[in-house]
Amino acid sequence: MNLAICIVAIVAAILLGWKLNLNTGIFAMAFAFIIGTLILDLSAMSIMRFWPTTIVFYLIAIGIFFSYGMENGTMDVLGQKLLHALGGNAKIIPFAIAITAAIVGGLGAGASTGVIIGPFVFVIAIAAGVHPVLTVIAIGFGNIMGCSNPFNGFGGIVGLNLMKDNYVDSGMDAAQINMETMGLAYRVWANTAIIAGVLIIIFYFVFKSYKNKKIEVANPPAFTPVQKKTFIVVIIAFFCMVIPSVLYAWMPRNPVIAVMYQLFQPQVVMIFGSVICALMKLAPERAVLKRVPINTIIMIVGVYMLIKVTAEAGLVEAITVALSSSIPRFLVPGSIVFFSAFLSFFSSSISTVMPLMYPLVPGIASTLGYDPGMLYTCIFFGGLTTALSPFSTGGALTIAACGNEKVRQALPNQMIVATWVIALITVVWATLGLLGIV
């Protein structure tokens, strides 16, 4: 009963925000306190601790740092230059974005990929007439295609280690476990890349990007002295965010690289970058601070608090019971995708959904005779189908990276719809057995 009340509250908060054109997060926070204190007997202080500090800090750091480039026009000129470099061919821009995201994500950037490339690619995409939802999807699923590799992709490495844990009591020796799990990790990567590519193509046609006309791009203006300084700071920050992540993925035990990796976390780099921009007076500080996406932050914080209250009401346990109950055999892959997507809609797939659901695979595979590789893919990609929701880490960071205020305000509601369309497509794909093609 308590769980049902929480789920109704989540839906009500979203509908109220949409219908009244008010911030969903405010309603969600109110529901979190009402349900938490009056029904679940939680203290107000414990509910306040559900505040997602890491995500909020990330969003503030993005908002401040890249707003310097937005405010003084650097990002606009940079977008014109990049669009000019592509020959103004608007039709290929979504695929160029996806390839860029795949490379950066594959190098080990993980959820930070949207932060790193988002401010650049949104400028180009908006100028070229690419729909913002397609831009988010190209960034997100391009990143997934890269980061699901088991060598240095963040998601791929986590998945590989979780699979190894599942085989510890299998009677295999270490070499056999490594061989078995690496083979499964390769298959998860390949199947994930296939469905991610298919979804990018589907939305490419849904938003009719093939009809985008070639843009006549005149020679872009040169950077002003202030813009040139801003560009240099942004480029240095870009390499500081990417290179330590790549080195750490390959050499995690090197103490020097480990320190560099901690020191050069994206949010840390952006804070120091903001300090440098402020000291160099690259844009008026008050104007920069007004660009911080406070509406997005409030919405994410509010809904995150409500979903954490829902977890206290037994959400995870209910999903586990449902998966282990009498679901018809042919619906199991689709059900796994659906439950993974539901959990990831409000939390991190890699840090929450995968550790929760990967241990279920050996039992389901042996009981129902399913291929473990397909089941792992159902969880891995199922969780990532809604990872672009505004309430999930990857989606929140990517949306926050959009510098256009009007577009950024519209994206959360658009992505709520888009992520569930993606999830339903993937449920059908999994039910047909297509998540085990490789």
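What you are looking at is a predicted structure, and each value in this text was computed from that prediction instead of being measured.

1. A few points about the overall build of the chain
Looking only at helices and strands, the chain features 22 helices and zero strands. Against the compact-globule benchmark of 22 Å for 438 residues, the chain has a radius of gyration of 22 Å, which places it among compact chains. Within the span of the chain, comprising 438 residues, buried residues form 53% of the whole. When the accessible surface of the chain is split by element, carbon and sulfur atoms take 69% of a total near 19000 Å². Here the chain contributes 21 positive and 13 negative side-chain charges, whose respective centroids are spaced 16 Å apart.

2. Topic: a nonpolar patch on the surface
Taken together, the side chains of Ile 194, Val 428, Leu 432, Leu 434, Ile 437 and Val 438 define a hydrophobic patch exposed on the protein surface, amounting to about 500 Å² of accessible area. Summarising the element assignment, Leu 434 is placed in the segment after α22 (405-431). What makes Leu 434 partly exposed here is its relative accessible area of 30%.

3. Thoughts on the nonpolar core
Formed by 137 residues in total, the largest nonpolar core has its most connected members in Phe 141, Met 270 and Leu 411. Ranked by the residues each element gives to this core, the list is headed by helix α4 (residues 53-71), at 11 residues. Among all residues touching Met 270, those that are not within four sequence positions of it are Tyr 58, Ala 61, Ile 62, Phe 65, Phe 66, Val 115 and Met 241.

4. Let's talk about helix α8 (residues 132-147)
With 16 residues, α8 should reach 22 Å at 1.5 Å per residue; the first-to-last C-alpha distance of 22 Å fits that figure. α8 sits mainly inside the fold: 15 of its 16 residues count as buried.

5. Here's the deal with the packing of aromatic side chains
For the coordinates displayed, the defined rule picks out 11 aromatic pairs. With a centroid separation of 4.6 Å and 45° between ring planes, the pair formed by Phe 95 and Tyr 204 is classed as tilted. One end of the pair, Phe 95, is in helix α6 (residues 93-109); the other, Tyr 204, is in helix α10 (residues 174-206), with 109 residues separating them in the sequence. We classify Phe 95 as partly exposed; its relative accessible area is 31%. Residue Tyr 204 is classed as buried on the basis of its relative accessible area of 7%. Chaining the aromatic ring pairs together yields one cluster made of Phe 95, Tyr 204, Phe 205 and Tyr 210. Lys 81 extends its terminal NZ or CZ atom over the ring of Phe 223, reaching a point 5.2 Å from the ring centre. Taking NZ or CZ as reference, Arg 329 lies 4.1 Å from the ring centre of Tyr 370, over its face.

Cut-offs and rules
Residues numbered from 1 in each chain as written. Predicted model: local features only at pLDDT ≥ 70, side-chain atom pairs only at ≥ 80, totals over all residues. Heavy atoms only, no water. Helix = DSSP H or I, 4+ residues; strand = E, 2+ residues; numbered from the N terminus. Rg over C-alpha atoms; globule rule 2.2 N^0.38 Å. Buried < 20%, exposed > 50% of the residue type's maximum accessible area, 1.4 Å probe, protein only. Areas by Shrake-Rupley, 256 points an atom, 1.4 Å probe, with all protein chains shown as cover. Lys, Arg positive; Asp, Glu negative; His and termini not counted. Charge placed at Lys NZ, Arg CZ, Asp CG, Glu CD. Patch = residues over 30% accessible without salt bridge, like charges linked within 9 Å, V, L, I, M, F, W, Y side chains within 5 Å. Salt bridge = Lys/Arg side-chain N within 4 Å of Asp/Glu carboxyl O. Core = buried A, V, L, I, M, F, W, Y, C linked by side-chain atoms within 4.5 Å. Contact = heavy atoms within 4.5 Å. Expected span 1.5 Å × (residues − 1). Phe/Tyr/Trp six-rings, centres within 6.5 Å; stacked < 30°, edge-to-face > 60°. Lys NZ or Arg CZ within 6 Å of the ring centre and 35° of its normal.

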